[in-house]
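Working through the structure, step by step
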Number of protein chains: 2
Amino acid sequence: MAEKVLIIGAVALGPKVACRLRRINPDVDITVIDRDSLISYGGCGIPYYVGGDVAELEGLYSTIAHAKRDVPFFKNVKGFNVLTRVEALEIKRAAKKVVVRYLDEGRDGELEYDKLVIATGATPMRPPFPGSDLPKVYVVSNLHHASAIKTAISNGEVERAVVIGAGAIGIEMAEALTDLWGVETTIVEMAEQVLPQALGKDMARMVEKKLEDHGVKLLLSQKVMKINGNMKNGAESVEIVDQSGKFPVTTLPCDMVILAAGVRPNSELAAAAGLAIGRNRGILVNKCMQTTDPNIYAGGDCAEFTNLVSGMDCVMPLGSLANRQGRIIATNINGGNEQFTGSVGSFCIKVFDMGVAKAGLTVNQAKSAGFDPVYSVVAQSDRAHFFPDADFMFMKLIADRKTRTVLGVEAAGPQGDAVKARVDAVAPLLKFGVDVSEICNLEVSYSPPYASAMDVVNNVGNALDNTLNGNLRSIDTFEFLELLKKGNIKVLDVRSSVQGAPFVEKYPKQWINVPQDELRSRFNEIELIVKNLPSDSPLYLMCGTGPRSYETQAFLNGKGLTNTKNVQGGYGMILAIHPPLV
Amino acid sequence: MAEKVLIIGAVALGPKVACRLRRINPDVDITVIDRDSLISYGGCGIPYYVGGDVAELEGLYSTIAHAKRDVPFFKNVKGFNVLTRVEALEIKRAAKKVVVRYLDEGRDGELEYDKLVIATGATPMRPPFPGSDLPKVYVVSNLHHASAIKTAISNGEVERAVVIGAGAIGIEMAEALTDLWGVETTIVEMAEQVLPQALGKDMARMVEKKLEDHGVKLLLSQKVMKINGNMKNGAESVEIVDQSGKFPVTTLPCDMVILAAGVRPNSELAAAAGLAIGRNRGILVNKCMQTTDPNIYAGGDCAEFTNLVSGMDCVMPLGSLANRQGRIIATNINGGNEQFTGSVGSFCIKVFDMGVAKAGLTVNQAKSAGFDPVYSVVAQSDRAHFFPDADFMFMKLIADRKTRTVLGVEAAGPQGDAVKARVDAVAPLLKFGVDVSEICNLEVSYSPPYASAMDVVNNVGNALDNTLNGNLRSIDTFEFLELLKKGNIKVLDVRSSVQGAPFVEKYPKQWINVPQDELRSRFNEIELIVKNLPSDSPLYLMCGTGPRSYETQAFLNGKGLTNTKNVQGGYGMILAIHPPLV
């Protein structure tokens, strides 16, 4: 039985379904249509094309063997037909037909199917402020805009750019504009932090610092009111207003605007055909990736799926998910029974010379999902500390207080692959709802050039285990910095006197330095300080990265001085998110 | 109740137990004894000290804050006593005492305990050939030998070295001797391959090639007969004989011998006290790390535990395991109930500029454990192939044929952290006995600088899934190379004509080149070749790394030509384990 399979969309999921289906079924009739002329490209590579890592646009739609993934390629090599510049207008489910428009010929027609795959992707949101459709306002979603952006920059037409949105694409584009081209770039973001969907405040702050250190101007909690300009000159400036409303409107002159304010699933076609749409506007599918019509599959950026940690439906525009889902759809169209059960939200990004990764829920997302999140933060070298190219990695682990179930993990550091290694090792466990002790005992591979004997990922588990057991009482670094600014606190710094001295000098009333190896001999001194503290004011314990202050807390506990709090991640964490204190 | 806890051994597990125990219990009386004077060192760092990555010996027993981990450190900072140069002679279980010898004072005494921890580690094996106790024959197990090795080399006394054993330590030492010091180094190994406990033949061959490329001479399947020399001059040469017995004895002149022929758990003390010892000579413990005497715990290199994939008992001398077990022992001594359920054998090693990692069982280990192993091998770039610093990674996945349960994973590539990321992402799943489809859908984080949209780890799962489903029929690369050498086979190379031409020229009778995009138009040509092949002689399909030849196989299947086999990993795999074919 040679069925007819029609696939709408030829970027990521569409071609994947078609290629896999052809490999496992030589007879099925496969047609892929796309309204664009350029197809099967790595959209996530666009910032790297603009930033010069990928020299030619063709690099984004070529195979590793340098074959262009175009219509003849799919015909001759992959064995199926792709019709470009053909737009799907309507799905006639009863008749199993799709009404299409041949854009170049200006005529309409119908294509039949036995099985239909909707791979229509997502469209960048154009927020409803005036001017978002002016020339020189670009989105980062297709190769035409990518090409136009790079052409404008390389022609020297862009001195100043405004990026609207500090999600992954906004940040990657800001890096591309700044790093290679030296464009003076400002990111405007509505939320209080960058990457609000991906990271907690501390890791986000590290990203913000990294952007600022590389000359990207960051305006958070700011709302765009309008883009000024005209059809002839294009965008000329962006007007923004502080979310608090306290400050007057600011105008940011610019030669280019990048709209990176998120994407919206292209589900209109499915909705019009009566298929169920989810609360995130994505097409609803079952675990076999079938829509509410069993002859119609959907996947990739236009479909919803379950977040396996929160249990809630979500959309996540990622080429990796699209590829994995595409393989499953092909198998199932061919009579198989593969399932896509959902996602734990694994994510990573390069921000200049820093890698950041996460999986699962942030603290805020965990709260929204009804959990009572507790977290640990550690700063530790990403390989044996005696190894010469060891770098600091920051890692955060989040669990539910009552059940001790691990909910999320975040990490950042200069060695992106090493950061990814830790997060990807935790991610596969998240859907099993494991106890924190699984992370304490996570069996990551060990050798001094690549890991510590007690690795950072085990230690972030240990720190959380200690917190849940009541052995470790911490204060959030931001909270600590606020209190220090207000002034009325006492800090016991257990680093060496050389390290502690400048702090004691700068904060004579707040800062006490007793090196850890003198704690026992100078205990009376510490006891006196603690006993003079008001009961609601703990002694804050500080060291380089956290372990020594934790050990100090344990020591003081043993002496009956339990009114202490450990500054998680120590001064290393402060330096990562804040200007130096001295 | 302040109990007395006595810990025998102060290298890895011992200090970990003591430190953790002190943190969670300020009152318990903790004493650690060690027969050596240097304690709490990173033994796994010795090759990096010899190789110059770690400048000073002190680096191996210092904290990240540059504190020396010596007796005063443990007293003043960690809050417990360490007695060095004190050897445990006998455990009197009924009396709960340990008879000890104060080595420097030459007297014996007794130490009491309520709970005892045996952390006696392992001793390098000195194989029973003559000369293994000569001067200039070193083991890599303590800092005294490490220091002596480095002193001899830096004094220019070592032009030629022989390393006996091609396990991790032998390889790391060979790299250290060659890379920094230019010592002419030969590794002698009894097995047919390096790292026989860790890797399958293909990945091992990559390590061998890397060693040879960096000037290390490798003599496999060779048995050491004796070390020649005398007490005055020390070792002068090593006599070896081919395992086949076909060749005469070879003599390798040398100025230094490194014995790296494995280690043996130090379980004699425990055995003499009547504690149960396992079949690997390690001390048997339950999941709470208690020996057969519930008041005596054991862990680290001297204890056995379960391999969670094979179900068999094993020993694995690794600082990471010792640290994690140490934490559990401390918790349990303090009345907790933490469990160490076993290990999946995660392992990684740096071999010059290549990283190698594995978890679970090799094909041979899987066979020994009663499985019917099937495996896939893929070669793929370790980040988006369009990203400029993408490198090739080789990855192997092993599963049981009938149950499809994932049994093991191996990977190698120039970016060690990226290699580790893939293996560590699979490792946590191994103990759950997951289906191969879990690897196809493994949710590793994705961004072009760090991964492919269909990442190498997913693709190695896909290839294995295709193999198990019968969609992919492969030949092992070594087997293919053997057949090619014998000559009587046909290879269809679907790479470009530029790439294929030299092969056709060199192998005119064996090699046919039809670029993949011409397969359909030149099908008749291929059909004729296949139909003329004897039924027991398949057409071997070859491309750059495997995917195009797999696709070709699918295409030919569809045309009824099913007598084909795919060369897994393609020519890329051949180049990684064999000299170039042309």
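Note that the structure is a prediction, hence the values are computed from the model and not measured.

**Topic: the overall build of chain A**
- Summing up its helical and strand segments, chain A has 17 helices and 30 strands in all.
- Since a compact globule built from 582 residues should have a radius of gyration of about 25 Å, the 27 Å found for chain A is in line with a globular shape.
- Taking all 582 residues of chain A together, the buried fraction comes to 57%.
- Of all intrachain contacts in chain A linking residues separated by at least 6 positions in sequence, the fraction that spans at least 24 positions is 65%.

**Details of the relation of the copies chain B and chain A**
- Laying chain B over chain A is done by rotating through 180° and shifting 0.0 Å along the axis; what remains is an RMSD of 0.0 Å. Here the copies are linked by what is in effect a two-fold axis. No C-alpha of chain B approaches the rotation axis more nearly than that of Ala421 of chain B, which lies at 1.8 Å.
- By residue overlap, the copies meet face to face through one surface: 99% of the interface positions of chain B are interface positions in chain A.

**Some words on the sheet that holds strand S22 (residues 354-360) of chain A**
Residues and elements named next belong to chain A.
- Taken in spatial order, the five strands line up as S21-S22-S25-S24-S23 in an open sheet, and their pairing is antiparallel. Of all strands in the sheet, those bounded by a partner on one side alone are strand S21 (347-351) and strand S23 (373-381). Across this sheet, the average inter-strand angle for adjacent strands is 10°, counted without regard to direction.
- Sheet topology places S23 next to strand S24 (residues 392-400); nine bridges connect them, and they run antiparallel. Counterpart to Pro373 in the pairing with S24 is Asp400.
- In the packing of helix H17 (residues 570-577) onto the sheet, contacts are made with S23 and S24, and the angle to S23 comes to roughly 95°.

**Description of the interface of chain B and chain A**
- Opposite the 81 residues of chain B that make contact, chain A presents 80 residues.
- Of all the elements, helix H10 (residues 416-430) of chain B adds the most residues to the side of chain B that touches chain A, at 11 residues.
- Looking at side-chain class alone, the side of chain B that touches chain A contains 40 nonpolar, 26 polar and 15 charged residues.

**Observations concerning the domain arrangement of chain A**
Residue and element names in this part refer to chain A.
- Taken domain by domain, chain A consists of domain 1 (4-123 + 264-333), domain 2 (137-260), domain 3 (347-468) and domain 4 (474-577).
- Computed over C-alpha atoms only, the centres of domain 1 and domain 2 are separated by 30 Å.
- If you look at the interface, domain 1 gives 13 residues, while domain 2 gives 15 residues.
- With four residues, helix H2 (residues 46-50) is the single largest residue contributor to the side of domain 1 that touches domain 2.

**Points about the sheet that holds strand S29 (residues 539-542) of chain A**
Residues and elements named next belong to chain A.
- Taken together, the five strands give an open sheet; going across it, the order is S26-S30-S29-S27-S28, and neighbouring strands pair in parallel fashion. Since the sheet does not close on itself, it has two edges, and those belong to strand S26 (474-475) and strand S28 (511-513), each with one partner.
- Sheet topology places strand S27 (residues 490-493) next to S29; four bridges connect them, and they run parallel. Paired with Leu492 across the two strands is Leu541, which belongs to S29.

**Quick word on unusual backbone geometry**
All names here are of chain B.
- Its identity is not glycine, yet Arg281 carries a phi of approximately 70°, on the positive side.
- Checked against the element boundaries, Arg281 lands in the loop between helix H7 (268-272) and strand S18 (296-298).
- With 16 C-beta atoms packed within 10 Å, Arg281 lands in the partly exposed category.
- A positive phi angle, near 65°, is found at Arg404, a position not held by glycine.
- Here Arg404 is to be found in the loop between strand S24 (392-400) and strand S25 (406-413).

**Observations regarding the environment of Gly59 of chain A**
Residues and elements named next belong to chain A.
- Counting through the fold element by element, Gly59 comes out in the loop between H2 and helix H3 (71-78).
- Residue Gly59 is classed as buried on the basis of its C-beta count, with 20 C-beta atoms lying within 10 Å.
- Here the alpha-carbon distance between Gly59 and Asp465, two residues 406 residues apart in the chain, equals 47 Å.

**Remarks on the packing of helix H1 (residues 13-24) of chain B against helix H8 (residues 319-333) of chain B**
Residues and elements named next belong to chain B.
- The contact between H1 and H8 brings their axes to 8 Å, and the two run at 40°. Classified by the angle their axes make, H1 and H8 are oblique. Crossing angle aside, the handedness with which H1 passes H8 is right-handed. Residues Leu13, Lys16, Val17, Arg20, Leu21 and Ile24 of H1 form the contact with H8, whose participating residues are Ala322, Asn323, Gln325, Gly326, Arg327, Ile329, Ala330 and Ile333.

**A look at the pairing of strand S13 (residues 222-230) of chain A**
Residue and element names in this part refer to chain A.
- One ladder, built from eight bridges, connects S13 with strand S14 (residues 234-242); its direction is antiparallel. Directly across from Lys223, in S14, lies its bridge partner Val241.
- Taking the residues between adjacent antiparallel strands as the criterion, S13 and S14 are bridged by three residues.

**Some remarks on the pairing of strand S10 (residues 160-164) of chain A**
All names here are of chain A.
- The buried fraction of S10 amounts to four of the five residues, a majority that puts the element mostly inside the structure.
- A crossover links S10 with its parallel partner strand S11 (residues 184-188), the connecting element being helix H5 (residues 168-179), and its sense is right-handed.
- Bridge count for S10 against strand S16 (residues 256-259) is four bridges, and the pairing is parallel. The residue bridging Val162 from the neighbouring strand is Val257, located in S16.

**Quick word on the environment of Gln380 of chain A**
All names here are of chain A.
- Mapped onto the fold, Gln380 is located in strand S23.
- Along the primary structure Gln380 and Ser320 are separated by 60 residues, whereas in three dimensions their C-alpha atoms are 30 Å apart.
- If we ignore the near neighbours within four places in the chain, the residues touching Gln380 are Met393, Ser452, Val456, Asn459 and Thr545.

**Details of the nonpolar core**
- Core analysis: the biggest nonpolar cluster contains 395 residues, and Val257, Ile258 and Phe394 of chain A together with Ile118, Val257, Ile258 and Phe394 of chain B have the highest contact counts within it.
- Contact partners of Val257 of chain B, with chain neighbours within four places excluded, come to Lys136, Val137, Val162, Ile164, Ile227, Ala235 and Val238 of chain B.

**A closer look at the confidence of the model for chain A**
- Here chain A averages 95 in pLDDT, while 100% of its residues score no lower than 70.
- Across the predicted assembly, pTM comes out at 0.97 and ipTM at 0.96.

**Looking at the environment of Val504 of chain B**
All names here are of chain B.
- Assignment of secondary structure puts Val504 in helix H14 (residues 497-506).
- Between the alpha carbons of Val504 and Val491 there is a distance of 9.6 Å; along the sequence they are 13 residues apart.
- Excluding its chain neighbours within four sequence positions, the residues that come into contact with Val504 are Trp511 and Asn513.

**Comments concerning H3 of chain A**
Residue and element names in this part refer to chain A.
- Those residues of H3 lying buried are Phe73, Phe74, Val77 and Lys78. Taken down its axis, H3 places every buried residue within 100° of arc, on the same side.
- Where H3 is buried, its residues meet helix H1 (13-24) and strand S3 (81-84).
- Immediately downstream of H3, the backbone of Gly79 shows phi near 80°, a positive value.

What counts and how
Residue indices follow the written sequence of each chain, beginning from 1 at its first position. As a convention, the first chain written is A and the first ligand written is 1, with the rest following in written order. Given that this is a predicted model, residues contribute local features only at a pLDDT of at least 70 and side-chain atom pairs are listed and counted only at 80 or more, while totals for whole chains, interfaces and linings are drawn from all residues. Put simply, DSSP H or I for four residues or longer makes a helix, DSSP E for two residues or longer makes a strand, and each gets a number counted from the N terminus. The atom set for the radius of gyration is the C-alpha atoms, and the globule formula is 2.2 Å times the number of residues raised to the power 0.38. Partly exposed residues are those falling between the two cut-offs: more than 12 but fewer than 20 other C-beta atoms within 10 Å of their own, whereas 20 or more means buried and 12 or fewer means exposed, with C-beta atoms placed from the backbone. Placing C-beta atoms from the backbone, we regard two residues as in contact once those atoms come within 7 Å. Least squares is the method used to superpose the copies, on C-alpha atoms of residues holding a pLDDT of at least 70 in both. Between any two strands, at least two bridges found by DSSP are needed for them to pair. For helices, the axis comes from a line fit to the C-alpha atoms of the stretch in contact; other axes are also lines fit to C-alpha atoms, and the angle between any two N-to-C directions lies between 0 and 180 degrees. Think of it as three bins: nonpolar holds Ala, Val, Leu, Ile, Met, Phe, Trp, Tyr, Cys and Pro, charged holds Asp, Glu, Lys and Arg, and polar takes everything else, Gly as well. Start and end points for every domain follow an automatic or database-based domain assignment. Should an angle fall under 35 degrees it is taken as roughly parallel, and over 145 as roughly antiparallel, whereas 65 to 115 is taken as roughly perpendicular and any remaining angle as oblique. The crossing is said to be left-handed when, going from far helix to near helix, the turn is anticlockwise and less than a right angle, and right-handed when the turn is clockwise. Seen with its strands pointing away from the viewer, a crossover is right-handed if its path from the first strand over the helix to the second goes clockwise. Note on terminology: a nonpolar core is any set of buried Ala, Val, Leu, Ile, Met, Phe, Trp, Tyr and Cys residues joined through C-beta atoms within 7 Å. Summary of the metric used: pLDDT quantifies the predictor's per-residue confidence within the range 0 to 100. The reported arc concerns the directions from the helix axis to the C-beta atoms and nothing else.

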